[in-house]
Amino acid sequence: MKLLTKELEAKLPPLYSQDGRGDEAIALVKFFTPDSSWTWYATEYDAKERIFFGLVDGFEMELGYFSLDELQSIKGSLGLSVERDIYFSPTKLSTLMQRNTL
């Protein structure tokens, strides 16, 4: 599966464009490991550096940067690669944080 299509890349706003929006920023893309509990929600992207900013839900939930190259190289506990959730709809970070703390 291609993690980032040209169409998705065009939809993702550039880094820092949602600064100041806090948990009202919109995640446009969701990546996950099908054989572990890690999930990445991208709110912004820098195509030149191939770096995302967004919500990372792994050992703990935090906002931060993650790279496309890193996502493409990760293998879960059963050796499965990171996938993109093709059914994910753009969602506010506040909603994602509530959903994942219940």
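Residues numbered from 1 in each chain as written. Predicted model: local features only at pLDDT ≥ 70, side-chain atom pairs only at ≥ 80, totals over all residues. Heavy atoms only, no water.

Under an unreviewed UniProt entry, the name given to the chain is DUF2958 domain-containing protein, and the source organism is Sulfurospirillum diekertiae.

Quick look at the side chain of Thr43 now. The topology assignment puts Thr43 in strand 3 (residues 39-46). Judged by relative accessible area, which is 1%, Thr43 ranks as buried. Once you skip the residues sitting within four places of it in the chain, Thr43 turns out to touch Leu12, Pro13, Gln18, Ala25, Ile26, Ala27, Phe53, Gly54 and Leu93. (Helix = DSSP H or I, 4+ residues; strand = E, 2+ residues; numbered from the N terminus. Buried < 20%, exposed > 50% of the residue type's maximum accessible area, 1.4 Å probe, protein only. Contact = heavy atoms within 4.5 Å.)

So, about the side chain of Ser67. Among the secondary structure elements, Ser67 is positioned in strand 5 (residues 61-67). On the basis of relative accessible area, Ser67 is assigned to the buried category, the value being 16%. Within the structure, Ser67 has its side chain in polar contact with the backbone nitrogen of Glu70 (distance 2.8 Å). When near neighbours in sequence (up to four residues on either side) are disregarded, Ser67 contacts Arg50, Ile51 and Phe52. (Polar contact = N/O pair within 3.5 Å; in protein donor to acceptor, adjacent residues only side chain to side chain.)

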